[in-house]
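Spelled out from the first residue to the last, the chains are:
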Amino acid sequence: MSEDLKVADGQVIVMEYTLQVDGETIDTSAGHGPIEFIQGVGNIVPGLEKALYGMAVGESKDVVVAAVDGYGEMDSEAFMDVPRDQFPEDIPMEVGTQLELHDEADQPMVARIDQVGDTTVRLDFNHPLAGKELHFAVKIAGLRSATDEELDHGHVHSGHTH
Ligand code: ZN
């Protein structure tokens with residue numbers, strides 16, 4: 001590993017980070033250890049990835065990412081009214097309750113209860129961070145070149161292969 005290595009496409013980045021939204025810390029590597037990802041392949045939100053280019057090991061930065069470069073704007077179409085009697089009885093009918101559902105292709109989807117009516121429940125399929133400005137504090141903890149296999153798969157292999 002070279003001393004003057006900088007964040008560039010095809011590098012595996014080891015990064016400490018804290019994410020704040022609306023002044024609240026909602027995610028942090030503190031206590032879990034840094035995350036590892038490949039730069040330039042969309043492993044992280046585009047606005048943050050863009051801001052990391054050229055950073056060196058040990059360097060810290062505060063990055064503000066607009067919603068459009070983060071988890072996207074709120075999509076007013078991403079809501080669905082579902083008859084109340086289609087929900088299992090053990091699901092609390094409360095605004096904010098998060099549900100895990102499967103679409104027709106059996107892909108998992110997450111939705112939150114947005115409104116509870118007398119006969120229908122409105123589900124919100126937007127990402128919970130859609131429409132939010134993201135405030136990251138990051139520190140580059142390590143850098144190395146991705147292997148050909150990692151580049152091929154589009155993700156980091158740490159201690160395993162598949
Ligand atoms: Zn893989």
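Everything quoted here is computed from the prediction, not taken from an experiment.

J.: What exactly am I supposed to notice about the pairing of strand β1 (residues 11-21) here?
T.: For a regular strand, the rule is simple: side chains alternate between the two faces of the sheet. Relative to strand β9 (residues 134-145), β1 is paired through 10 bridges, and the arrangement is antiparallel. Across the sheet, residue V14 finds its bridge partner in β9, namely G142. The sheet contact formed by β1 and strand β3 (residues 35-38) spans 4 bridges and is antiparallel. Bridge pairing in β3 links I13 to F37. The pairing of β1 with strand β2 (residues 24-28) spans 4 bridges and is antiparallel. What sits directly across from Q20, in β2, is T25. If you look at the hairpin formed by β1 and β2, you'll find 2 residues sitting between the two strands, and D22 has a positive phi there, around 50°.

J.: How should I be thinking about the side chain of H157 in this particular structure?
T.: Mapped onto the elements of the fold, H157 is located in the segment after α2 (148-153). In terms of polar contacts, H157 uses its side chain to reach the side chain of H153, at 3.1 Å.

J.: Quick question: what am I supposed to make of the domain arrangement of the protein here?
T.: When the parts of a complex come together, some accessible area is lost, and that lost area is often used as the size of the interface. Domain parsing of the protein yields domain 1 (11-71 + 130-153) and domain 2 (79-124). If you average the C-alpha positions of domain 1 and of domain 2, the two centres end up 32 Å apart.

J.: I'm lost on the pattern of salt bridges in this one. Help?
T.: Where charged atoms of side chains with opposite charge meet at close range, the side chains can pair. Scanning all chains against the criterion turns up 4 salt bridges. Among the ionic pairs, D22 bridges to K132, the shortest N-O distance being 3.0 Å. Note that D22 is positioned in the loop between β1 and β2 and K132 in the loop between β8 (120-124) and β9, a separation of 110 residues in sequence. Its relative accessible area of 29% is what places K132 among the partly exposed residues. Residue D124 is joined to R112 by a salt bridge in which the shortest nitrogen-to-oxygen separation is 3.6 Å.

J.: Would you mind going over the sheet that holds strand β5 (residues 79-83) with me for this structure?
T.: Each strand in a sheet pairs with another by means of backbone hydrogen bonds, the pair being arranged parallel or else antiparallel. An order of β5-β8-β7-β6 is seen for the 4 strands of this open sheet, with the pairing classed as antiparallel. Of all the strands in the sheet, the pair left with one neighbour each is β5 and β6 (98-102). Ignoring strand direction, the axes of neighbouring strands in this sheet form an average angle of 40°. Here β5 pairs with β8 via 5 bridges, running antiparallel.

Here is what the cut-offs are and how they apply
Residues numbered from 1 in each chain as written. Predicted model: local features only at pLDDT ≥ 70, side-chain atom pairs only at ≥ 80, totals over all residues. Heavy atoms only, no water. Pairing = 2+ DSSP bridges. Helix = DSSP H or I, 4+ residues; strand = E, 2+ residues; numbered from the N terminus. Polar contact = N/O pair within 3.5 Å; in protein donor to acceptor, adjacent residues only side chain to side chain. Domains from an automatic or database assignment. Salt bridge = Lys/Arg side-chain N within 4 Å of Asp/Glu carboxyl O. Buried < 20%, exposed > 50% of the residue type's maximum accessible area, 1.4 Å probe, protein only. Axes fitted to C-alpha atoms, helices over the stretch in contact; angles between N-to-C directions.

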